[in-house]
Amino acid sequence: MKPILFLTLALFAIAPASHGQQPPLAGGFSQAANTDAEVLKAAQFAVKAHDAKLTLQSVNAAEQQVVAGINYKLKLTTSDGRKADTVVWRKLNGSHELTSWQWIAADPAILTTEYIYDTGPYPQIHATTIVETPTGLVTAWFGGTAERNPDVCIWVSRQLPDGKWTEGVETANGVQADGSRHPTWNPVLFQPKDAPLMLFYKVGPSPSTWWGELKTSEDGGKTWSAAQKLPKGIFGPIKNKPVQLANGDILCPTSNETDTKPSAWAIYFERTADLGKTWTRTELLHDGLKIGAIQPSILFLGGDKLQAVGRTKQGKVFQINSDDAGKTWGEISLIDLPNPNSGTDAVTLADGRHLLIYNHTAKGRSPLNLAVSKDGKTWEAALVFEDEPKKEFSYPAIIQTKDGLVHITYTWKRAKVKHVVVDPAKLTTKPMTNGQWPQ
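Basis of the calculations
- Residues numbered from 1 in each chain as written.
- Predicted model: local features only at pLDDT ≥ 70, side-chain atom pairs only at ≥ 80, totals over all residues.
- Heavy atoms only, no water.
- Phe/Tyr/Trp six-rings, centres within 6.5 Å; stacked < 30°, edge-to-face > 60°.
- Helix = DSSP H or I, 4+ residues; strand = E, 2+ residues; numbered from the N terminus.
- Buried < 20%, exposed > 50% of the residue type's maximum accessible area, 1.4 Å probe, protein only.
- Lys NZ or Arg CZ within 6 Å of the ring centre and 35° of its normal.
- Core = buried A, V, L, I, M, F, W, Y, C linked by side-chain atoms within 4.5 Å.
- Contact = heavy atoms within 4.5 Å.
- Expected span 1.5 Å × (residues − 1).
- Arc of directions from axis to C-beta.
- Pairing = 2+ DSSP bridges.
- 1 Å grid on protein atoms, 1.4 Å probe; cavity = no way out; pocket = protein on both sides within 12 Å on 5 of 7 lines; lining within 4 Å.
- Points joined across faces, edges and corners; volume = space filled by probe spheres on them.
- Nonpolar A, V, L, I, M, F, W, Y, C, P; charged D, E, K, R; others polar.

Peer 1: Any chance you could explain the packing of aromatic side chains here in plain terms?
Peer 2: Each aromatic ring pair is characterised by the separation of its centres together with the angle its planes make. Counted by the stated rule, this structure contains nine aromatic pairs. With a centroid separation of 5.3 Å and an interplanar angle of 70°, the aromatic rings of Trp 185 and Trp 210 are classed as edge-to-face. Here Trp 185 is found in strand 11 (residues 184-190), whereas its partner Trp 210 is found in the loop between strand 12 (197-203) and strand 13 (211-217), with 25 residues between them in sequence. The residues Trp 185 and Trp 210 share a single accessibility class, namely buried. Here Phe 269 and Trp 329 contribute two aromatic rings whose centre-to-centre distance is 4.1 Å and whose plane-to-plane angle is 10°, an arrangement assigned as stacked. Highlighted residues: Phe 269 in strand 17 (residues 265-272) and Trp 329 in the loop between strand 21 (316-322) and strand 22 (333-338), separated in sequence by 60 residues. Ring pairs connect the aromatic residues Tyr 117, Tyr 122, Trp 141 and Trp 155, which therefore count as one cluster. Residue placement shows Lys 239 over the ring face of Tyr 395; its charged tip is 5.4 Å from the ring centre.

Peer 1: Got a minute to help me understand the nonpolar core in this structure?
Peer 2: A general tendency of soluble globular proteins is for nonpolar side chains to be buried together. Core analysis: the largest hydrophobic core is formed by 21 residues, its most contacted members being Leu 355, Leu 370, Phe 385, Ile 408, Val 422 and Leu 427. Looking at this core, the elements with two or more residues in it are strand 24 (354-358), strand 25 (368-373), strand 26 (379-386), strand 27 (393-400), strand 28 (406-412) and strand 29 (416-422). Counting residues per element, this core draws most heavily on strand 28, at four residues. In contact with Leu 427, not counting residues within four places along its chain, are Ala 109, Arg 353, Leu 355, Leu 370, Val 372, Ala 382, Leu 383 and Val 422.

Peer 1: Even after reading the chapter, I still don't get helix 1 (residues 37-50), so can you show me in this structure?
Peer 2: Residues that lie three or four places apart on an α-helix share one face, since the helix turns once every 3.6 residues. If you check helix 1, its first and last C-alpha atoms are 20 Å apart, about what 14 residues at 1.5 Å a residue would give, namely 20 Å. Taken together, the buried positions of helix 1 are Val 39, Ala 42, Ala 43, Ala 46 and Val 47. Viewed along the axis of helix 1, the buried residues span an arc of 130°, placing them on a single side of the element.

Peer 1: Before we go on, may I ask you to explain the sheet that holds strand 14 (residues 228-229) in this structure?
Peer 2: In any sheet, the strands associate via hydrogen bonds between backbone groups, in a parallel or an antiparallel arrangement. Taken in spatial order, the four strands make up an open sheet running 11-12-13-14, and their pairing is antiparallel. Whereas interior strands pair on both sides, the edge strands pair on one side only; in this sheet they are strand 11 and strand 14. In this structure, strand 13 lies alongside strand 14, joined through two bridges in antiparallel fashion. Of the residues in strand 14, the one forming a bridge with Leu 214 is Gln 228.

Peer 1: Explanation requested: unusual backbone geometry in the structure shown.
Peer 2: For the peptide bond that leads from Lys 261 to Pro 262, omega is 0°, which places it in the cis range. As for its position among the elements, Pro 262 is in the loop between strand 16 (250-257) and strand 17. Residue Pro 367 is bonded to the preceding Ser 366 through a cis peptide linkage, with omega at 10°. Considering the arrangement of structural elements, one finds Pro 367 in the loop between strand 24 and strand 25. The phi angle at Asn 434 is positive, at roughly 55°, despite the residue not being glycine. The topology assignment puts Asn 434 in the segment after strand 30 (430-431).

Peer 1: How should the layout of surface pockets be read in this particular structure?
Peer 2: Summary: where empty space remains is shown by rolling a probe the size of a single water molecule over the atoms. Here the second largest pocket is characterised by a volume of approximately 730 Å³. Contributing to the lining of the second largest pocket are 29 residues, with Phe 190, Gln 191, Pro 242, Gln 244 and Gln 400 lying nearest its centre. Put simply, the parts of the chain that give the lining of the second largest pocket at least two residues each are strand 7 (124-133), strand 11, strand 15 (243-244), strand 19 (293-302), strand 23 (345-348) and strand 27. Among the residues making up the lining of the second largest pocket, the classes are represented as 16 nonpolar, eight polar and five charged.

Peer 1: How do you make sense of empty space enclosed by the protein when you look at a structure like this?
Peer 2: Inspection of every chain in the model, using the stated rule, returns two cavities of 30 Å³ or more. Within this model, the largest cavity holds a volume of roughly 50 Å³. Lining the largest cavity, in full, are Thr 128, Thr 129, Ile 130, Val 188, Lys 239, Asn 240, Lys 241, Asp 345, Pro 396, Ala 397, Ile 398 and Ile 399. Broken down by element, the residue count for the lining of the largest cavity peaks at four residues, all from strand 27. Along the lines of polarity and charge, the residues of the lining of the largest cavity split into six nonpolar, three polar and three charged. No other element matches the three residues that strand 2 (residues 56-67) contributes to the lining of the second largest cavity. A class-by-class count of the residues in the lining of the second largest cavity yields one nonpolar, four polar and four charged.

This is the structure:
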């Protein structure tokens, strides 16, 4: 490989500047647009030159330097989700040469990253869910031409013993007896103790008009029962998984969105003691206006003490607590973690720590972060899974499996389902001050 060449300003005119950018500085690197056509050509060449099996997923940052041609210093992500630093020399004749390539080491706590859904018979996916069953992991999402469109269905994939995932199978849709059709929304998988696997989802034109449905599986998600419409006023878990309490009750975190202007977003909780045959529910726990909150996740604080956290319109994560296993709840409040009105999820680990996966930003849906708390009050920074400006990484789901590992799924740019496996024993954390993610 050629060494990086430094020339004098006299060579500046030989190397064209990237369109729309400041001219590159001879002898030094200057910022370049990661969407620039020449930058993309250089990045694509670098990936193929390093490993012909890979393709370019994205350019995350770019700089350029005038030499006998141009050096491009790039931070990029490959099709397998890994990140690399590379330098590519574009010669005066327009050809490229790979000068250096270095993989960016993943955090040791991250064991696996992969795409469960990569390509399929529909262009857009959203709202992933994951569960551990006696026969293995099962995931689901909704997919179709676009969210809210009538062709959006619920798709399910199972992890096989060799670690591979099955193709997504259409498991529920919004086709009605009269031939009309509605979109489906927000699947939630849940495995009760010694009972069939449950798949909750919503059907209807919009969140203010949808209703809840439930299917069950006796064989770990291979086959499913007919859809059961939930009772009027019962929706099941609205986005995030239920929890099963010590007495066997299933407590579902849910919420309501009105069609008024402004829409009132308020959380509440539903409960079933007989696997969905009969239900009770709390009243709405706040007015939905001062704090507009939806899509709770439930954490265990010890004994009958529970905490719920989730999404708001107010730019921060909410919290609310119960001292009696979810029968009654205290006052909702905001915590010092940002939320861009995007879905979150959380789980209490076997060791008592709590994990929260969310977009640590007040606007947009990137980055996607993991925070850790020992008490549900003070949260520390742990991992950044994605950080690509103006892209969407959202609606995560998080569980801990019986082997102690943590499994996470999320929407990757509304195009793929990404799956990450984390070893919580290897997590290292840093304090956050005033909700600021540490550098």
